[in-house]
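# Observations on chain architecture
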Amino acid sequence: MNDNPFSKQDDIVITRRKNPKGEYAHLNTSELLNAVKESAHSTHRADLDILLEIFLDRYNARQDELDKLNYELAQRVELEVQKSEANHKRFEQQAKMAAMGEMMDAVAHQWKQPLNALSMMGDLLVSDYESGDLTLESLKEMRQDMQVQIDHMVTTLREFRNFFRPKKKEETFGIKRSTQSVTLLVKDEFVKNNITLRIVPEHEILIYGNENEFKHLVLNIINNAKDAFNERNIEKREIILDFTKDKKFTYLTITDNAGGIPEHIINDIFKPEITTKPEGKGTGIGLYMSTQIAQKLGGILSVKNTHNGAMFELKVPHVI
Ligand SMILES: Nc1ncnc2c1ncn2[C@@H]1O[C@H](COP(=O)(O)OP(=O)(O)O)[C@@H](O)[C@H]1O
Ligand SMILES: [Mg+2]
């Protein structure tokens, strides 16, 4: 009599079959698991070793694949990071060039009038001399007038040079004074385009950051409004700059009545190279650069359409 419940198993002869590995190799994972279950209760228990080996082989193969994938992924990420850094540099460079182009245009416009005046005075001098009307008195007066024109040109040039050789440092500056200096730069150009630029607040609000960059941001936005006015032949053209503050933030809004941002790009306009302007005119870099500047100021730039135009808002924290 045999009381041992396990004794029955002793009767089972465990045999190793000739080439079961080949038999199992084509099975998929769940079939393999079934084979494990079956062989555990059969005389082929020795197959368990072989099955385990197959599992291990497959696991190792998978692991190798995974390692390879991980390695490739790491390389791809590295490459993408490099690419995006290169793109960022390229966009920055393009933005500088675009800003420079816009500035050069503005200089040219600002200088046109005084240059014309100077040229006219030169002609006048000659004709006064020829007609015998030239006195020392009138000559001195003319020289005074010429000096006024030249001073005007020098002032503009100085302002522009500040733009091109920006001070790197951050400082506390007044929004009103700063936006006034931008509007002064583009005054002639905007008058020529029939655009009224209005700075609403009487008071000054101070913010902190790189003032030249801030001026670029404002310039980008008002130049875009100018383009929109011209593209759409708007009659009464107005850009309003307003600023306020609450407990935590200062808000600068720049509102135009140029018809608004086209709906299909409004969600993307702060991305680089988004433009609706023809090649050579638009780069799509201006607003991208402006958001970067807003971030450097610790703030955010956003936009929405009003009933008849676009309204940009720069929100920055208070000077501590
Ligand atoms: N005030 C605005 N009114 C209407 N559309 C605007 C205005 N400002 C920007 N946009 C749109 O946003 C686009 C992107 O502007 P921006 O980044 O400055 O690039 P760019 O001026 O070179 O096109 C413009 O092409 C224009 O379609
Ligand atoms: Mg632009």
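Above this note sits the structure.
Note that the coordinates shown come from a computational prediction; the quantities given were computed from them, not determined experimentally.

The subject of this paragraph is the packing of helix α4 (residues 47–130) against helix α6 (residues 175–192). The relative placement of two packed helices comes down to the angle between their axes together with the axis-to-axis distance. With their axes 8 Å apart at the nearest point, α4 and α6 run at an angle of 80° to one another. Comparing their axes, α6 and α4 come out roughly perpendicular. Facing α4, whose interface residues are A106, H109, Q110 and Q113, α6 presents L185, V186, D188, E189 and K192.

The sheet built from five strands is open, its strands ordered β2-β4-β5-β7-β6 with mixed pairing. Edge positions in the sheet fall to β2 (195–199) and β6 (300–305), since each of these pairs with one other strand and no more. Going across the sheet, the axis of each strand differs from the next one's by a mean of 15°, ignoring polarity. With six bridges joining them, β6 and strand β7 (residues 310–317) adopt antiparallel strand pairing. When the sheet's bridge partners are listed, N305 is paired in β7 with A310.

Surrounding ligand 1, one finds 23 residues, the nearest of these being N224, T275, G282, G286 and L287. Elements with a minimum of two residues in the shell around ligand 1: α7 (211–231) and α8 (286–296).

Attention shifts here to the pairing of β7. Only one face of β7 is buried: it carries A310, F312, L314 and V316, and the other face, with M311, E313, K315 and P317, is open. In the sheet, strand β5 (residues 249–256) pairs with β7 via seven bridges, with the strands oriented antiparallel. Pairing of L252 across the sheet is with L314, part of β7. Between β6 and β7, which pair antiparallel one after the other, the connecting turn spans four residues.

What counts and what doesn't
- Residues numbered from 1 in each chain as written.
- Chains lettered and ligands numbered in written order.
- Predicted model: local features only at pLDDT ≥ 70, side-chain atom pairs only at ≥ 80, totals over all residues.
- Axes fitted to C-alpha atoms, helices over the stretch in contact; angles between N-to-C directions.
- Helix = DSSP H or I, 4+ residues; strand = E, 2+ residues; numbered from the N terminus.
- Parallel < 35°, antiparallel > 145°, perpendicular 65-115°, else oblique.
- Contact = placed C-beta atoms within 7 Å.
- Pairing = 2+ DSSP bridges.
- Near = placed C-beta within 6 Å.
- Buried ≥ 20, exposed ≤ 12 C-beta atoms within 10 Å, placed from the backbone.

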